[in-house]
Amino acid sequence: RLDDFAEARWARLSRSLGQPQEMLERIAALLRGFGSAPVREDGGWIEALVPELAVEAGPQGRLEVTLLPGRLPACSVMAVERRSLDGEALRALHDRAGRMAAAVAARRATLLRIGTHIAAVQSAFFLGRHDRIVPASRAEAAAALAIHPTTLGRALAGKALLAGAQVFPLGMFFARALPGAGGAVSPFDVQQRIRAMIAQESPAMPLADDGIRAQLRKEGVDIARRTVAKYRKCMRIPSSFGRKRRKVT
């Protein structure tokens, strides 16, 4: 009935839809706000984060970390004796395939070790409500796992884990500690506090970034206003002006 809405035929729409004119005018206003093209060509592709690890609570509350099947590259070498191969060229290819398979296996083992380390350090996160992350640096993790920090960084890039039907990027579990009244806190904890403050704000007077920063300072977390803005944008929360406009609408 788009033609009826476009021509403001309220009586006809009211009879057919059983709605008062006031409601029909609100629907018409919403329709005018929609774009004519449902899909924009310049929107680009959305990359989904596919987990490679799974963290589950096993018997007696013990966390179990496993590699999800089919999520990582796999490589195997044909079961053939090297000496049975005809010629040095085939033997060289056999050796090369063995080194490649060993490298892929080592990458899988390293990722599993990293996941196990994350589960041990962040056990409260996985056994609780996913609302608390212990501050932990990549340098500390690399030292604990006896690997180079750059190796750890490459292993974390683009990787994620599955826990409680939710997907979390591995990099989320590594962040420098921020000072807090009750001790060091992680950026994740500060983001959750910002989200809670915004959820409790007055619709008529949303909290500006400066106000959020001032409240955090009272609670012992001293961060810059631009950091508050960065955390807010990471959580896809509009500015105070945008929230006020949305709530009024």
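Anything mentioned here points back to the structure above.
If you're wondering where the values come from, they're calculated on a predicted model, not measured in any experiment.

About the criteria used
- Residues numbered from 1 in each chain as written.
- Predicted model: local features only at pLDDT ≥ 70, side-chain atom pairs only at ≥ 80, totals over all residues.
- Heavy atoms only, no water.
- Pairing = 2+ DSSP bridges.
- Helix = DSSP H or I, 4+ residues; strand = E, 2+ residues; numbered from the N terminus.
- Axes fitted to C-alpha atoms, helices over the stretch in contact; angles between N-to-C directions.
- Buried < 20%, exposed > 50% of the residue type's maximum accessible area, 1.4 Å probe, protein only.
- Contact = heavy atoms within 4.5 Å.
- Salt bridge = Lys/Arg side-chain N within 4 Å of Asp/Glu carboxyl O.
- Arc of directions from axis to C-beta.

### Describing the sheet that holds strand β1 (residues 53-57)
Moving on, step 1. On the basis of which strands lie adjacent, the open sheet formed by four strands has the order β2-β1-β3-β4 and mixed pairing. In this open sheet, the two strands that pair with only one neighbour each are β2 (63-67) and β4 (166-169). Across the sheet, the mean angle separating the axes of adjacent strands is 25 degrees when strand polarity is ignored.
Moving on, step 2. Bridge count between strand β3 (residues 160-163) and β4: four bridges; the pairing is antiparallel. Opposite Leu162, over in β4, you have Val167 as the bridge partner.

### Here we look at the environment of Lys159
Moving on, step 1. With respect to the helices, strands and loops of the structure, Lys159 is situated in the loop between α7 (149-156) and β3.
Moving on, step 2. Overall, Lys159 belongs to the buried group, its relative accessible area being 18%.
Moving on, step 3. Sequence separation between Lys159 and Leu111 is 48 residues, and the spatial gap between their C-alpha atoms is 9.1 Å.
Moving on, step 4. Excluding anything up to four places from it in sequence, Lys159 contacts Glu52, Leu72, Leu111, Arg154, Pro169 and Leu170.

### Some details on the pattern of salt bridges
Moving on, step 1. In this structure the tally under the stated criterion is twelve salt bridges.
Moving on, step 2. Its salt-bridge partner being Arg9, residue Asp4 comes within 2.7 Å of it at the nearest N-O pair.
Moving on, step 3. Of the residues examined, Asp4 reaches a relative accessible area of 7% and is grouped as buried.
Moving on, step 4. Between Glu81 and Arg83 there is a salt bridge, with the nearest N and O atoms lying 2.9 Å from each other.
Moving on, step 5. Here Glu81 falls in the partly exposed class, since its relative accessible area comes to 47%.
Moving on, step 6. Overall, Arg83 belongs to the exposed group, its relative accessible area being 71%.
Moving on, step 7. Each of Asp4, Arg9 and Arg12 takes part in one network of salt bridges that share partners.

### Comments concerning helix α6 (residues 138-145)
Moving on, step 1. Taken residue by residue, α6 has Ala141, Ala142 and Leu145 as its buried positions. Down the axis of α6, the smallest arc covering the buried residues is 100 degrees, so these residues share one side. Opposite its buried face, α6 presents the exposed residues Ala139, Glu140, Ala143 and Ala144, each directed more than 90 degrees away.
Moving on, step 2. On its buried face, α6 is in contact with α4 (88-121) and α7.
Moving on, step 3. Following α6 by one or two positions, Ala146 adopts a phi angle in the positive range, close to 60 degrees.

Such coordinate-based values are descriptive only and should not be taken to indicate function.
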